[in-house]
Amino acid sequence: MTGATWGLVASTFAASFVEFVEALTIVLAMGVTRGWRSAIAGTVAALVALTAFTAAAGYALSTWLPESLLQLVVGTLLLIFGLQWLRKAVLRSSGLKAMHDEEEEYAAQTEAARRAARQSRFGVDTFAFVVSFKGVFLEGVEVVFIVITFGLSAANMPAAIGGAASAGVLVLIAGVILHRPLAAIPENALKYGVGLLLASFGAYWAVEGLGVFTRSGESLEWPGGDWAILALLACWLLTSRVLVKFLPRLKPEVAR
Amino acid sequence: MRFVKGFGQFWYDFIIGDDWKIAAAVVAALAVTLAVVLAGVSAAGAAIAGGALLLLFFVASVLIDVRS
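Residues numbered from 1 in each chain as written. Chains lettered and ligands numbered in written order. Predicted model: local features only at pLDDT ≥ 70, side-chain atom pairs only at ≥ 80, totals over all residues.

This paragraph deals with the overall build of chain A. A count of helical and extended segments in chain A gives eight helices and two strands. Mapped in sequence order, the helices and strands of chain A form the string α-α-α-α-β-β-α-α-α-α. For 256 residues, the compact-globule formula gives about 18 Å, and the C-alpha radius of gyration of chain A, at 20 Å, lands near that figure. Expressed along its principal axes, the backbone C-alpha trace of chain A runs to roughly 60 × 50 × 35 Å. Counting all 256 residues of chain A, 46% fall into the buried class. (Helix = DSSP H or I, 4+ residues; strand = E, 2+ residues; numbered from the N terminus. Rg over C-alpha atoms; globule rule 2.2 N^0.38 Å. Buried ≥ 20, exposed ≤ 12 C-beta atoms within 10 Å, placed from the backbone.)

This is how it looks when you write it as structure tokens:
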């Protein structure tokens, strides 16, 4: 494998790992408090829905959209996801927002599950089924977008899928063995890194895709070609560090 | 109707998330970049302007968020 392929695998692995850890916390909370049958049924239903969504989205994106429009759509979505993660990472690093804690998230989910009324259909607890389904599907759709985008940009879909799949298997094994949320994972640092990556690839693709509105309809060319992604990464990193340094001065009473 | 509402809510949560200003900043920055492209600026110049605008609009949205 080349360095670029390793980079691709590492990127999709890190991004997917964070999403799978969050999904695992939700499913664990439902399984422990409301019963494993319903939690697993919700998870399996979400995986089936995700497979259908991936097939439909993959087919639609690759056959109906011209390349530049595909870059604009996927790049814009990546930018929005990446910048949301970056915003949270900046606020957390500057002490303006509490660090994400899987133990706390797990406690909140289990508390909500204990309070919810018990309603069963076909022997499955509706609350646990719906919460597990939504958790896995929501986090899973983000993984699908990340894999499609990174795979297409590097023209290596198997490597992108491999990175995400290995993250999924690792989280699943850890969840089965530990039976508790993976709180020891440096999730905030991972999210910061992934946010920077998504923002850089997203900016590169979305701007290229604006070429769809020109007379030729061809993608815009960044100066330096693919090297522009590294320049964008450096710019996002620098900007985020400046914000981390500067933001606490705006709200010193909140910053910790 | 409940299904349609739930479906819409799902995609809103998924794309817009908990801070709509980020999505607004991205769309606004890309719209201004498109205006630069259509004004006839070279592709390289428009790409650099696009990158700079995205950084600028992101910073502005975070500053608005923190000040509010």
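This is not the end of the story, as more comes after the structure.
This paragraph deals with the overall build of chain B. Summing up its helical and strand segments, chain B has three helices and zero strands in all. Start at the N end of chain B and walk to the C end: the helices and strands fall as α-α-α. Structurally, chain B occupies a C-alpha span of about 50 × 30 × 15 Å along its principal axes. Counting across all 68 residues of chain B, residues that qualify as buried make up 28%.

A few words now on the confidence of the model for chain B. In this model, chain B carries a mean pLDDT of 90, and residues with pLDDT of at least 70 account for 100%. Complex prediction metrics read pTM 0.80 and ipTM 0.91. (pLDDT = per-residue confidence, 0-100.)

Moving on, we come to the interface of chain B and chain A. With 26 residues of chain B at the contact, the number on the chain A side is 28 residues. Of all the secondary structure elements, the ones that give two or more residues to the side of chain B that touches chain A are helix H1 (2-15), helix H2 (20-38) and helix H3 (43-67) of chain B. Broken down by element, the residue count for the side of chain B that touches chain A peaks at 14 residues, all from H3 of chain B. (Contact = placed C-beta atoms within 7 Å.)

Residue and element names in this part refer to chain B. Compared with an ideal rise of 1.5 Å per residue, which puts 14 residues at 20 Å, H1 spans 20 Å between its outermost C-alpha atoms and is within 8% of the ideal. With respect to burial, H1 is a largely exposed element, only zero of its 14 residues being buried. Once H1 finishes, Gly17 follows within two positions and takes phi at roughly 70°, a positive value. (Expected span 1.5 Å × (residues − 1).)

With that out of the way, let us pick up the packing of H2 of chain B against H3 of chain B. Residues and elements named next belong to chain B. Running from N to C, H2 and H3 cross one another at 150°; their axes reach a closest spacing of 8 Å. Classified by the interaxial angle, the pair formed by H2 and H3 is roughly antiparallel. H3 is crossed by H2, and the crossing has right-handed handedness. Contacts between H2 and H3 involve Lys21, Ile22, Ala25, Ala28, Ala29, Val32, Thr33, Val36 and Val37 on the former and, on the latter, Ala46, Ala49, Gly50, Leu53, Leu54, Phe57, Phe58, Ala60, Ser61, Ile64 and Asp65. Among the residues making up the contact of H2 with H3, the classes are represented as 15 nonpolar, three polar and two charged. (Axes fitted to C-alpha atoms, helices over the stretch in contact; angles between N-to-C directions. Parallel < 35°, antiparallel > 145°, perpendicular 65-115°, else oblique. Left-handed = near helix turned anticlockwise from the far one by under 90°. Nonpolar A, V, L, I, M, F, W, Y, C, P; charged D, E, K, R; others polar.)

Residue and element names in this part refer to chain A. Locating Leu47 in the fold gives a position in helix H2 (residues 36-64). For Leu47, a count of 15 C-beta atoms within 10 Å gives the class partly exposed. Distance in space between the C-alpha atoms of Leu47 and Phe133 is 8.4 Å, their sequence separation being 86 residues.

Residue and element names in this part refer to chain A. Helix H8 (residues 227-250) packs onto helix H3 (residues 67-93) with a crossing angle of 40° between their chain directions and a minimal axis gap of 8 Å. At the point where H3 passes H8, the crossing takes the right-handed sense. Residues Leu86, Val90 and Ser93 of H3 pack against Trp236, Ser240, Leu243, Val244 and Leu247 of H8. Tallied by class, residues from the contact of H3 with H8 come to six nonpolar, two polar and no charged.

Turning our attention to the environment of Leu55 of chain B. You can see Leu55 of chain B is positioned in helix H3. A sequence separation of 26 residues divides Leu55 of chain B from Ala29 of chain B, and the C-alpha atoms of the two residues are 8.8 Å apart.

Counting through the fold element by element, Val48 of chain A comes out in helix H2. Expressed as a C-alpha distance, the spacing of Val48 of chain A and Leu24 of chain A, which sit 24 residues apart in the sequence, is 17 Å.

For residues with low pLDDT, the predicted coordinates do not support detailed interpretation. Averaged over every residue, the pLDDT of chain A is 84; residues scoring 70 or more account for 94%. Of all secondary-structure elements in chain A, the lowest mean pLDDT belongs to strand S1 (residues 120-121) of chain A, at 74, while H8 of chain A reaches the highest, 93.

Here we come to H3 of chain B. With 25 residues, H3 of chain B extends 36 Å between its outermost C-alpha atoms, agreeing within 8% with the 36 Å of an ideal straight helix rising 1.5 Å per residue. Restricting attention to buried positions, one finds in H3 of chain B the residues Ala46, Ala47, Gly50, Gly51, Leu53, Leu54, Phe57, Phe58, Ser61, Val62 and Val66 of chain B. For H3 of chain B, the secondary structure elements touched by its buried residues are H3, helix H7 (187-209) and H8 of chain A together with H2 of chain B.

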